[in-house]
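Chain by chain, the residues:
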Amino acid sequence: MPVRRETSPSARLLAKGTAAARPNPSTDPSDLLSRLPAGTGLLTIDADRVTLTDNVVTSNDSVGIALISVPPDVAVLDPRVDTIPDDDQITRNTVLRNGTNPDPRLAPFPPADLLWDGTGTGNCWKANTFGTAFPAPLPSCN
Ligand SMILES: [Ca+2]
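These remarks concern the structure in this document. (Residues numbered from 1 in each chain as written. Predicted model: local features only at pLDDT ≥ 70, side-chain atom pairs only at ≥ 80, totals over all residues.)

Turning our attention to the pairing of strand 6 (residues 63-68). Extensive coverage of strand 6 is indicated by the burial of 6 of its 6 residues. Pairing of strand 3 (residues 40-45) with strand 6 involves 5 bridges; the strand directions are parallel. Residue leucine 43 lies in a different strand from strand 6, and its bridge partner there is alanine 66. Of the pairings in the sheet, the one linking strand 6 to strand 9 (residues 112-116) comprises 4 bridges and is parallel in character. Counterpart to valine 63 in the pairing with strand 9 is alanine 112. (Buried ≥ 20, exposed ≤ 12 C-beta atoms within 10 Å, placed from the backbone. Helix = DSSP H or I, 4+ residues; strand = E, 2+ residues; numbered from the N terminus. Pairing = 2+ DSSP bridges.)

The following block contains the structure:
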């Protein structure tokens with residue numbers, strides 16, 4: 001997925017760009033990426049202070065934009081790593097028609113345009129165009 005990354009003066013990572021229907025290319029069971037559900041548009045794992053804005057994420061089988069923490073069985077491999085996403089902002093994205101053919105690896109979460117696993121603090125969503133979200137409503141940015 002083509003994504004442009006910019007660093008703002010406040011050191012917040014800004015990801016802008018376009019992501020469309022692309023399969024998860026990893027099928028090697030020893031690769032951690034193979035654990036991710038196929039049909040994931042834009043995925044942010046354990047990142048702090050990331051802004052995802054002005055992306056168009058459509059027609060991914062499982063989920064459009066997901067914000068999640070590192071799975072617990074992976075997190076224990078290095079206790080120095082901060083595995084929880086905090087202070088992330090998902091704004092002004094167009095996220096539509098995702099989740100119509102979800103990969104079973106998405107469980108226990110439902111397919112959705114916007115998905116959050118509920119971990120972390122200060123994460124917020126604002127001014128996105130989407131059809132479905134989990135949980136609903138997502139926390140709004142001030
Ligand atoms: Ca964190």
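You can see threonine 44 is positioned in strand 3. The spatial distance from the C-alpha of threonine 44 to the C-alpha of aspartate 88 is 9.3 Å, given a sequence separation of 44 residues.

This next bit is on the sheet that holds strand 12 (residues 133-134). Pairing in this open sheet of 4 strands is parallel, and the strands run 3-6-9-12 from one edge to the other. Of all the strands in the sheet, just strand 3 and strand 12 have a single pairing partner and so form its edges. Bridge analysis of strand 9 against strand 12 gives 2 bridges, and the strand direction is parallel. Bridge pairing in strand 12 places leucine 114 opposite alanine 133.

Moving on to the nonpolar core. Among the nonpolar cores identified, the biggest contains 19 residues, and Ile65, Ala66, Ile90, Leu114 and Leu115 are the most heavily contacted of them. Counting only elements with at least two residues in this core, the list comes to strand 6 and strand 9. Of all the elements, strand 6 adds the most residues to this core, at 5 residues. Those residues in contact with alanine 66, other than ones at most four positions away along the chain, are Thr40, Leu43 and Leu115. (Core = buried A, V, L, I, M, F, W, Y, C linked by C-beta atoms within 7 Å. Contact = placed C-beta atoms within 7 Å.)

Before going further, it helps to spend a moment on unusual backbone geometry. Across the junction of alanine 107 and proline 108, the peptide omega takes the value 15°, indicating a cis bond. Of note, the amide linkage connecting phenylalanine 134 to proline 135 takes the cis form, showing an omega dihedral of -10°. Structurally, the position occupied by proline 135 is in the segment after strand 12. Even without being a glycine, serine 59 presents a positive backbone phi close to 60°. Relative to the elements of secondary structure, serine 59 occurs in the loop between strand 5 (56-58) and strand 6. Judged by local crowding, serine 59 falls into the partly exposed class, with 16 C-beta atoms found within 10 Å. Positive phi outside glycine occurs at aspartate 87, with the angle close to 55°. Along the chain, the position of aspartate 87 falls in the loop between helix 1 (72-75) and strand 7 (89-91).

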